[in-house]
Amino acid sequence: MSNTIKYWKGEEELARDPKFLAARKNEFAEALPLDEVLSEDGFELNSNRRDFLKFFGFSVTAVALAACYRTPVRNAVPYLVKPEDVTPGVANYYSSECGACSTGCGIEVKVREGRPIKVDGNRRSPISLGGLCAQGQGSIASLYDTERLANPLKNGAEVTDWAAIDAAISKKLAEIAAANGRIAIVSSTINSPSTLKTIEDFKTKYTTAEHVTYDAISYSGILSANMADFGKAVIPSYNFGKAEVIVSFAADFLGTWISPVEYSKGYAAGRIPSMDKGMSMHIQFESTMSMTGTNADYRFPIGASKTGLYLASLHNYIANKTGATQIPVAQTAEAAGNAIAKAGDALLAAKGKSLVVCGSNDTNSQQITNAINMMLENYGTTIDLTNYSNQYKGIDKDANALMLDLQAGKVAAVIFYGVNPVYTDNAKAWENGIKKASLSVSFASSKDETAGLCEYVCPDHHYLESWGDSEPKAGLYQFTQPTISPVFNTRQAQVSLLTWAGALPVLEKDPFQDKGILSQKHHTSPYYSYIKNNWSSKLTGDINVAFNKCLHEGVWTAEAVAPTVPAYTGAAASLAAGINTKTSGMDLVLFTNVAMRDGSQANNPWLQELPDPVSKVTWDNYVAISKSFAAANDIAEGDTVNIKSGSVTINSVPVIIQPGQANGTAAIALGYGRTAAGKVGGSKEIEADSVGKNAYPLVSMTNGNRNYVVSGVEITKADDTYHLAQTQTHHSIEGRDLVKEGTLADWKKNKKAGNNAGDTHVYTIWEKRDYLKDGSPNHRWAMAIDLNACTGCSACAISCSLENNVPVVGRDEVRLRREMHWIRIDRYYSFTNTAKNEFDGNYVTKEKEIKAIDHKQGDKGEYNHWENVKVVHQPMMCQHCSQAPCETVCPVLATTHSSEGLNQMTYNRCIGTKYCGNNCPYKVRRFNWFRFNDNDHFDFHYNNPLGKMVLNPDVTVRTRGVMEKCSFCVQRIQEGKLTAKRSGADKNDVKVETACQRACPSNAIVFGDVNNPESEISKLYKNERGFTVLEELNVQSNVMYMTKIRNTETV
Amino acid sequence: MFAAISAVSMNILAAQDKPNAEEGKKLYEANNCGSCHALDKKVIGPALRGVSDRRSEEWLKQWIKNNKKFRESGDADANALFKEYGGAAMNIFENLSDAQIVNILEYIKTAPKPAAVAPKVEGAAATPQAGGNANMYVMLSLVGVFLVVLLILSKVKSTLRRLAAEQAPLDYPLDSSNKPWISKWLPRAMQNMNPVVMSLLITTIVAVFALGYLYKFGITEVGVQKGYAPAQPIKYSHKLHAGDLKIDCKYCHSTAEYSKQASIPALNTCMNCHKGVQKASTATTDEISAEIKKIYAALDYDPEKIGAEAFGNNPRPVKWIRIHNLPDHAYFNHSQHVKVGKLQCQTCHGPIEKMEVVQQWSTLQMGWCIACHRNTGVDVENNNYYKALHEKATADIKANKNKSKYFSADGKVRVTPALNGGLECSKCHY
């Protein structure tokens, strides 16, 4: 029960570190130089009375002169010819497809007066199902990045004329093809039928051309395993919603693995407890604490290099019970707590409705996973190989072979499309190869590591400027349409390829082409015609109508095919050889996090500032080490380490002591340490420091696949220290219990399980708000957040920032606790209650006990309790308290309460006393220390005119010296109400979705009018799991949280 | 109009014999021929002078009555003409009799040629004036300078006098009582007052008045642009369009009902009429109005040409001067007020239909907004959205409960925006 579990956000808080305790008392992270000011030390100014008078006189004169300044004249410039579908002041929405990664979530783009300002999931898309991850949300900011290439480059110099570039490249390609030289197109996964046809057209013209797929984050292991077992090199479709038991071996399927938004939607649906169905059980085996691991009911820390052995043990446990063939492996592995037996029994009990996934890129491990799923009869139910996924198609062997050929000078021309291999592993080999090729072209939209070495850079459009189609899954097609005219002199890569292939459709000469205002209606891209031509064979009826419908919907599906059980040709007996049984020292896991993924969006400040869902670190990557390793090597947080594996060393990497990190393992995120990303992500050319360290050099080829687990790595303490900008304990909980949890078994007996009410102060000096009274004619806006559904993915935070013009503050300001996010996700650790199990005595309930246990275990060299933590994610934003403590302390009434339950913040009235922030029990108010939008010290896009294009025109851009906080997206509430009023709709038909709710890939957030008895929110308000945080303060918050229910025996 | 036409045709029947130019002129105007034609220049249709020389009367009769039928009958000339004018069909005038057509043609034949008019020199657009009265500032600063000079001079004078007195002591006391000069003007009772106390007193009184004035000035005047009426790049007259011609405001400001912005119309809206209407309302000749020429210039439109050919490739948007400037932190939505609140444009914009040059009519200060929100009734009865509020209010008033809430400032019973949260900060500030 909540009053027995000790929750903590960071070790400093848990262990009551004296420095932390002292700092917590201070209002500001850094001491204000008050003493200096008072004693006048440290000030060069030697001012006296006369100086004072001079300054005073000057100020008065300056103010007087400034007052004489004329109000500036402002212009209003209407359209010459207003496009019919544009109404100034009203947003348009277009269906498209997200281009941030190759997953291909269907999106809905919000466009105001011709500029996209927000992207959200398209509800019709089976990939996004209306949600969108943090990367997708943030990708809109990359459109307005001034460091995108404005023109094509030839040998690094800008060329404005595409025709000249085309002529030169076409000539060169023709020469190479004539001499029978190889031409290689290296791309990330392409699942667009039209792009694939483009490449075919290119190959027809240049017969020596070949196409190789190279994914920075590879799923080659699954592809090869399925090739071996089922004869199809594809990734299946996983249906997490149907799975009653999910066992994952280090697959971060909610955060970064293959199609996380789709999986989150399915997963979260199965995680809401219901009386008849209960809820799904999730068991995770992994080394480092992944975001998915934080959501597991049971999480077992294992050594990463032993994944195959654990899988084999699970396989054999199940095979033993079902009588199937066992894998003849000498060793068996068993994690503490009879993990294998527990997982095996659970899976067997849910045969046909379970799912085992494995995040390893090792073919053998994936084949064992296939064998387990085959035994469990999961094919055709939770795993669909009929309607397989095309989201990742890169086979590492092929890409590696090309790289070796390129390096050997066997490839005459190389064209890079959507890839940046010089940044990833084997950078040197790629670099040498590019130099040896007689023609090298990159379609990169900025001068990245690879493009910088290429002879030609033909910048591609941003995906929001492009036309396109895709087939992310067999039979499922999605469409991309431009939502803005190209910002720079860029050109879609397909158009470039088709131009060189001479296959570009020739558009009929538009009679209005040079006719000024008439031409705007007739602007078409030849690639649009190309795609439409391709679709004319698939679509029935008038192609114009049918294709427009496709664009409008964003999705087109072929006739549905029911999934079948595929013919399995694998044999358990042959899988033993590939299992690693050797112990080989420390394992280092190379993972990706939700903000940076493969690193291609490193120049996006919104993503850089997004706290990692687990470690809460911003603006850097780090090595996650276990407590036992830290203790043994005398490493503390703030220290740095050197990593050495073979010939590769990475020096001075900051460390995090990660609760849940398996002993004997460490982990570091990929996607950092860019050297040619730009001013935000790091660039050698303009001397901008890299953000974090590049861990790609540690990736190696093992058994034909790129291996993201490095064995036998040496980690040694380095001399320097480093202060990570980590937000985890910035808004301290003061030891209060803010989250509640219970078990499924208890919940089935008593629906209020775990939700025992606090000791509420019922007395109040304030009158009850009108909207809380029965029969109130007002709305009462409120939010409900299901802690069972929230996975911690942080998509809401980016969505909120872009909706509400929240600035990026940068690493130094985050270190000073000045991050501006209106919504943060509090991540609470608690030790697994294992008192009844094997770690007797590790039952931590009171904060003081941790040191005693550390001491006791530490003497034995064991810190097993640090490996076994569980996590609750709690999105925290302004709670819109009906009796808000902030409102009563504001001296100027800048924060007041509305008759609809909103806690209003009026920026133009605020004088910045910060009393409200200090009096807020939830610590959700943010103070604007600077004018971030116009201060070049904060060079994060908002300070330049192009970057400002992403601002939401319905929300004020706050200035320096005022408080701000979550407004419940009041601009959306007002818009929703107005829409209803205009049409005379009923008050209860007002439709409002907040930005966080709209983005959420797991439907954890519900917003609405509690006074509307039919609304989803009013039903949730009656749910027994509901509780408000710090209920005992009687602030009557308008955000209801649903108690977290775990499918475990004990909490 | 039909009445007018029939009345005119009656007259014509009486004098059918010879063509009557006067009747023709009336018919020409009654049938709005001028909206597409001019006598001496091409508008939408060709210039009409000399048309009887170009075509036979029989041909013209058929064309004018029903040019569509005429074209379909396969007349080569008719079809050629139709093609020449980019397929813009002329209206059908089956109501005109042959005699009437003859009269119109007679009018075209006999209409006087316009006297040559020297082209007007276009005056440079006046620089817009925003903000306070610059003259007042000049005056105030001059007064300030004079005062300073006066002060310095008097100081110099007294210093000189003191120095002179030190060097050559006078045989009489410098000042009878050594009192400051100002005390002579004071009432006798105050003359013996401590000079420090006295000067403090005077300073305080002056300061109170000065600050009071400044406060009032600061509160009510600074940044308020009421009456701001800058010269616009095109001298568009609301008086002519909205007042005399009674064009609905929302014909041009078409988004007022749907959007937060009423929006300045795009020039294609202007062209709906001004493709045809090219003369100034006061013009005596066929010369295109200088202001309408500016529209054509902005669109790079050549009125002499037809169809797509008329548009050049160098359009330049019109930079209107924004009159109503709300600060960025205040959100105002036109559709809320126009569509839901059913307010007239004039409520805030004043008698716009009488303004030759538009000016800011209201102060646009928050107090002005609030005053209206306190006193204006919301039509809760006829909008389903307000059903709950309406029921509550009706029940309350019937039960004599909370009745004071429903009295607005003028003592009438109504549901005001203020009652429904219309005074709350985040209704306009977010």
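All values reported here derive from a predicted model rather than from experimental measurement.

Caption draft 1: Highlighting the overall build of chain A. Helix and strand counts for chain A stand at 30 helices and 45 strands. Radius of gyration (C-alpha) of chain A: 29 Å, near the 31 Å computed for a compact globule of 1051 residues. Referenced to the eigenvectors of the C-alpha coordinate spread, the extents of chain A come out at roughly 85 × 80 × 65 Å. Residue burial in chain A is summarised as follows: out of 1051 residues, 56% are buried.

Caption draft 2: Just the overall build of chain B, in detail. Looking only at helices and strands, chain B has 17 helices and 1 strand in total. Residues counted as buried form 17% of the 430 residues belonging to chain B. Of the contacts formed within chain B by residues at least 6 apart in sequence, a portion of 63% connects residues at least 24 apart.

Caption draft 3: Just the sheet that holds strand 10 (residues 245-249) of chain A, in detail. Residues and elements named next belong to chain A. Read from one edge of the open sheet, 4 strands run 12-11-10-13, paired in parallel fashion. Each edge of the open sheet carries a strand with a single partner, namely strand 12 (298-301) and strand 13 (354-358). Across the sheet, the mean angle from the axis of one strand to that of its neighbour is 10 degrees, orientation sign disregarded. Relative to strand 13, strand 10 runs parallel, the two sharing 5 bridges. Counterpart to Val-247 in the pairing with strand 13 is Val-356.

Caption draft 4: The domain arrangement of chain A, seen in detail. Residue and element names in this part refer to chain A. Domain boundaries in chain A define domain 1 (153-213 + 395-473 + 476-557), domain 2 (221-387), domain 3 (584-726) and domain 4 (730-832 + 868-1046). One C-alpha centre belongs to domain 2, the other to domain 3, and the line joining them spans 27 Å. On the domain 3 side, the residues contacting the 21 residues of domain 2 number 27 residues. Considering only residue class, the side of domain 2 that touches domain 3 consists of 5 nonpolar, 13 polar and 3 charged.

Caption draft 5: Expanded view of the interface of chain A and chain B. Counting residues at the interface gives 47 residues for chain A, matched by 53 residues for chain B. Contributing elements (two or more residues each) for the side of chain A that touches chain B: strand 1 (75-76) and helix 28 (970-983) of chain A. Per-element accounting of the side of chain A that touches chain B gives the leading share, 6 residues, to helix 28 of chain A. A per-class count over the side of chain A that touches chain B returns 22 nonpolar, 15 polar and 10 charged. Summarising the sheet, strand 1 of chain A and strand 1 (residues 320-321) of chain B pair through 2 bridges and their orientation is antiparallel. By the bridge assignment, Asn75(A) is partnered in strand 1 of chain B with Ile321(B).

Caption draft 6: Here's a closer look at helix 5 (residues 134-143) of chain A. Residues and elements named next belong to chain A. The buried fraction of helix 5 is high, at 10 of 10 residues. Here helix 5 has its buried residues at Ala-134, Gln-135, Gly-136, Gln-137, Gly-138, Ser-139, Ile-140, Ala-141, Ser-142 and Leu-143. Looking at the buried residues of helix 5, the elements they touch are strand 3 (106-112), strand 4 (115-121), helix 19 (605-608), helix 22 (795-803) and helix 29 (995-999).

Caption draft 7: Fine view of the confidence of the model for chain A. Scored by pLDDT, chain A comes out at a mean of 87, with 91% of its residues at no less than 70. Counting interchain partners and residues more than four positions distant, the pLDDT-below-50 stretch residues 835-843 of chain A has 14 contacts.

Caption draft 8: Main features of the packing of helix 8 (residues 220-230) of chain A against helix 13 (residues 363-375) of chain A. Residues and elements named next belong to chain A. Closest axis-to-axis distance for the helix 8/helix 13 pair is 8 Å, and the angle between their directions is 55 degrees. Here helix 8 lies oblique to helix 13, going by the angle between them. Crossing geometry of helix 8 relative to helix 13 is assigned as right-handed. Taken together, the residues of helix 13 that come into contact with helix 8 (itself represented by Gly-221, Ile-222, Ser-224, Ala-225, Ala-228 and Asp-229) are Thr-363, Ser-365, Gln-366, Gln-367 and Asn-370. Per-class residue counts for the contact of helix 8 with helix 13 are 3 nonpolar, 7 polar and 1 charged.

Caption draft 9: Fine view of helix 12 (residues 339-349) of chain A. Residue and element names in this part refer to chain A. Among the residues of helix 12, those classed as buried are Ala-339, Ile-340, Ala-343, Gly-344, Ala-346 and Leu-347. Along the long axis of helix 12, the arc covered by the buried residues comes to 165 degrees, so they all point the same way. Tucked into the core, helix 12 has its buried residues touching strand 10, strand 11 (281-286), strand 12, helix 11 (307-322) and strand 13.

Caption draft 10: Focus on the nonpolar core. In this structure, Val186(A), Val414(A), Leu588(A), Leu590(A), Val623(A) and Ile785(A) are the most contacted members of the largest nonpolar core, which totals 280 residues. If sequence neighbours within four positions are ignored, Val186(A) has contacts with Val212(A), Tyr214(A), Leu402(A), Val414(A), Ile415(A), Phe416(A), Val419(A) and Pro421(A). In this structure, Val102(B), Ile104(B), Leu105(B) and Ile108(B) belong to the second largest nonpolar core, which totals 14 residues.

Caption draft 11: Seen up close, the confidence of the model for chain B. All names here are of chain B. Confidence along chain B averages 79 in pLDDT terms, with 83% of residues attaining 70 or more. Mean pLDDT values over the elements of chain B span from 44, in helix 1 (residues 2-14), up to 93, in strand 1. Ignoring residues within four places in sequence, the model shows residues 1-16, a span with pLDDT below 50, making 18 contacts including any to other chains. Listed scores for the predicted complex are pTM 0.83 and ipTM 0.84.

Caption draft 12: Up close: the environment of Lys627(A). All names here are of chain A. Assignment of secondary structure puts Lys-627 in helix 20 (residues 627-632). It is 31 Å that separates the C-alpha atoms of Lys-627 and Ala-268, two residues lying 359 residues apart in sequence. With residues up to four places along the chain from it excluded, the contact list for Lys-627 reads Ile-657, Tyr-863 and Trp-866.

Caption draft 13: Highlighting unusual backbone geometry. In this structure, Arg597(A) is a non-glycine residue whose phi angle is positive, near 45 degrees. Of note, Arg597(A) is situated in the loop between strand 21 (587-591) and helix 19. In this structure, Leu364(B) takes a positive phi of about 60 degrees despite not being glycine. For Leu364(B), a count of 19 C-beta atoms within 10 Å translates into the label partly exposed.

Caption draft 14: Seen up close, the sheet that holds strand 24 (residues 639-645) of chain A. Residue and element names in this part refer to chain A. Across the sheet, which stays open at both edges, the 7 strands sit in the order 31-21-26-23-25-24-32 with mixed pairing between neighbours. Here the strands that pair on one side only, and so sit at the sheet edges, are strand 31 (709-711) and strand 32 (714-721). Direction aside, the axes of adjacent strands within the sheet are offset by 35 degrees on average. Pairing of strand 24 with strand 25 (residues 648-657), which is carried by 5 bridges, proceeds in the antiparallel orientation. Counted as the bridge partner of Ile-643 is Ile-650 from strand 25.

Caption draft 15: Examining the pairing of strand 11 of chain A more closely. All names here are of chain A. Strand 11 sits mainly inside the fold: 6 of its 6 residues count as buried. Of the two faces of strand 11, the one lined by Met-281, Ile-283 and Phe-285 and the one lined by His-282, Gln-284 and Glu-286 are each fully buried. As paired elements, strand 10 and strand 11 share 5 bridges and run parallel to each other. Along strand 11, the bridge assignment pairs Val-245 with Met-281. Handedness of the crossover joining strand 10 and strand 11 through helix 9 (residues 260-270) is recorded here as right-handed. Bridging between strand 11 and strand 12 involves 4 bridges; their strand directions are parallel.

Caption draft 16: Here's a closer look at the environment of Thr292(A). Residue and element names in this part refer to chain A. Tracing the chain through its elements places Thr-292 in helix 10 (residues 291-294). C-beta crowding within 10 Å serves as the criterion here: with 32 such atoms nearby, Thr-292 is assigned to the buried category. Thr-292 sits 452 residues away from Leu-744 along the chain, and the two C-alpha atoms are 20 Å apart.

Caption draft 17: Geometry of the environment of Ala718(A). Residue and element names in this part refer to chain A. Topologically, Ala-718 is positioned in strand 32. With 18 C-beta atoms packed within 10 Å, Ala-718 lands in the partly exposed category. Among all residues touching Ala-718, those that are not within four sequence positions of it are Thr-640, Val-641, Asn-642, Asn-651 and Ser-652.

Caption draft 18: Fine view of the pairing of strand 10 of chain A. Within strand 10 of chain A, 5 of the 5 residues are buried, which leaves it mostly tucked inside the rest of the structure. With burial as the criterion, each face of strand 10 of chain A is covered, one bearing Val245(A), Val247(A) and Phe249(A) and the other bearing Ile246(A) and Ser248(A).

Calculation rules
Residues numbered from 1 in each chain as written. Chains lettered and ligands numbered in written order. Predicted model: local features only at pLDDT ≥ 70, side-chain atom pairs only at ≥ 80, totals over all residues. Helix = DSSP H or I, 4+ residues; strand = E, 2+ residues; numbered from the N terminus. Rg over C-alpha atoms; globule rule 2.2 N^0.38 Å. Buried ≥ 20, exposed ≤ 12 C-beta atoms within 10 Å, placed from the backbone. Contact = placed C-beta atoms within 7 Å. Pairing = 2+ DSSP bridges. Axes fitted to C-alpha atoms, helices over the stretch in contact; angles between N-to-C directions. Domains from an automatic or database assignment. Nonpolar A, V, L, I, M, F, W, Y, C, P; charged D, E, K, R; others polar. pLDDT = per-residue confidence, 0-100. Parallel < 35°, antiparallel > 145°, perpendicular 65-115°, else oblique. Left-handed = near helix turned anticlockwise from the far one by under 90°. Arc of directions from axis to C-beta. Core = buried A, V, L, I, M, F, W, Y, C linked by C-beta atoms within 7 Å. Right-handed = clockwise from strand over helix to strand, strands pointing away.

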